[in-house]
Amino acid sequence: MTRFPDEVITAMHNAGSTVTCMPVHLDDGDGDWESAIFFVLPPSVTDEEIKQIFPPSELFGVGLELDLMEHDNGTLIELGISIDCGTGELLQGLILFLTGHIDSHFQAVTYLGKQSSIGLFIGDVHCNLLHQQRIPLGDEHRQVFRELLQDAAKRDFVIRMTGKYDPDLVFAHLAGKA
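Residues numbered from 1 in each chain as written. Predicted model: local features only at pLDDT ≥ 70, side-chain atom pairs only at ≥ 80, totals over all residues. Heavy atoms only, no water.

1. Side note on the overall build of the protein chain
No. 1: Broken down by element type, the protein chain carries five helices and seven strands.
No. 2: Reading the helices (α) and strands (β) of the protein chain from amino to carboxyl end gives α-β-β-α-β-β-β-α-β-β-α-α.
No. 3: Since a compact globule built from 178 residues should have a radius of gyration of about 16 Å, the 17 Å found for the protein chain is in line with a globular shape.
No. 4: Each principal axis of the C-alpha distribution contributes one length, and for the protein chain these read about 55 × 35 × 30 Å. (Helix = DSSP H or I, 4+ residues; strand = E, 2+ residues; numbered from the N terminus. Rg over C-alpha atoms; globule rule 2.2 N^0.38 Å.)

See below:
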């Protein structure tokens with residue numbers, strides 16, 4: 001892979017996002033579906049900095065943080081990612097899964113609850129691949145993904161029964177517009 005897959009680029013562009021986690025078919029479509037994280041560097045990172053940051057086969061420290069955001073109108077699962085590229089500043093991103101509304105969000109978290117690792121792909125502003133590595137997931141990590149998905153699904157089911165489910169309001173609230 002020299003660039004992010006077209007469906008990833010399209011999804012990120014449509015969402016106006018610089019980081020995403022979505023189900024993909026890697027290995028030229030021959031492998032199983034899995035969830036992978038795609039991270040686009042900020043435009044402020046120069047070509048010279050990219051050459052210094054991404055030496056061949058360097059592995060970076062990666063931290064993941066999960067949380068469940070409860071709103072009156074729906075439930076979000078947050079996946080925070082921090083990448084230590086050795087520059088003194090962490091690359092950070094926040095991925096939001098609205099599992100009760102978007103099938104690919106539900107599927108992405110489902111895969112994360114089953115896979116033994118997560119593919120991490122870092123690209124430039126044009127989604128050209130600069131770095132890739134695997135983030136190992138232990139049983140306890142997969143269990144947290146499964147539990148959060150189950151909690152979000154149950155909570156959203158109850159909200160739907162009350163007629164208050166509105167994913168647009170959840171996002172508006174998150175963006176500070178509600």
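Read on, since the account is not over.
2. Some words on the pattern of salt bridges
Proximity of charged atoms lets side chains of opposite charge pair with each other.
No. 1: Going through the model one piece at a time under the given rule, you end up with three salt bridges.
No. 2: Note that Glu34 and Arg134 form a salt bridge whose closest N and O atoms lie 2.9 Å from each other. Placement of the pair is Glu34 in strand E2 (residues 33-40) and Arg134 in strand E7 (residues 129-136), with a sequence separation of 100 residues.
No. 3: Taking relative accessible area as the criterion, Arg134 reaches 40% and is therefore assigned partly exposed.
No. 4: Between Asp139 and Arg142 there is a salt bridge, and its shortest N-O distance comes to 2.2 Å. In this pair, Asp139 and Arg142 both sit in helix H4 (residues 139-162), three residues apart, roughly one turn of the helix. (Salt bridge = Lys/Arg side-chain N within 4 Å of Asp/Glu carboxyl O. Buried < 20%, exposed > 50% of the residue type's maximum accessible area, 1.4 Å probe, protein only.)

3. Side note on the sheet that holds strand E3 (residues 61-71)
No. 1: Pairing is antiparallel across the open sheet formed by three strands, whose spatial order is E3-E4-E5. Strands with a single pairing partner mark the edges of an open sheet, and in this sheet they are E3 and strand E5 (91-97). Taking each pair of neighbouring strands and ignoring which way they run, the sheet shows an average axis angle of 20°.
No. 2: Looking at chain direction, E3 and strand E4 (residues 74-84) are connected through 11 bridges and run antiparallel. Paired with Glu65 across the bridge in E4 is Gly80.
No. 3: Packed onto the sheet, H4 meets E3 and E4 and runs at close to 155° relative to E4.
No. 4: Against the sheet, helix H5 (residues 167-174) contacts E3, E4 and E5, and its axis sits at roughly 45° relative to E4. (Pairing = 2+ DSSP bridges. Axes fitted to C-alpha atoms, helices over the stretch in contact; angles between N-to-C directions. Contact = heavy atoms within 4.5 Å.)

4. Focus: the side chain of Arg142
No. 1: With relative accessibility at 13%, the residue Arg142 sits in the buried group.
No. 2: Residues within four places of Arg142 in sequence aside, it is in contact with Leu112, Gly113, Lys114, Gln115, Ser116 and Leu137.

5. Here we look at unusual backbone geometry
No. 1: Unusually for a residue other than glycine, Cys127 sits at a positive phi of about 65°.
No. 2: Relative to the assigned elements, Cys127 resides in the loop between strand E6 (117-123) and E7.
No. 3: Looking at Cys127, the relative accessible area reads 9%, which means it is buried.

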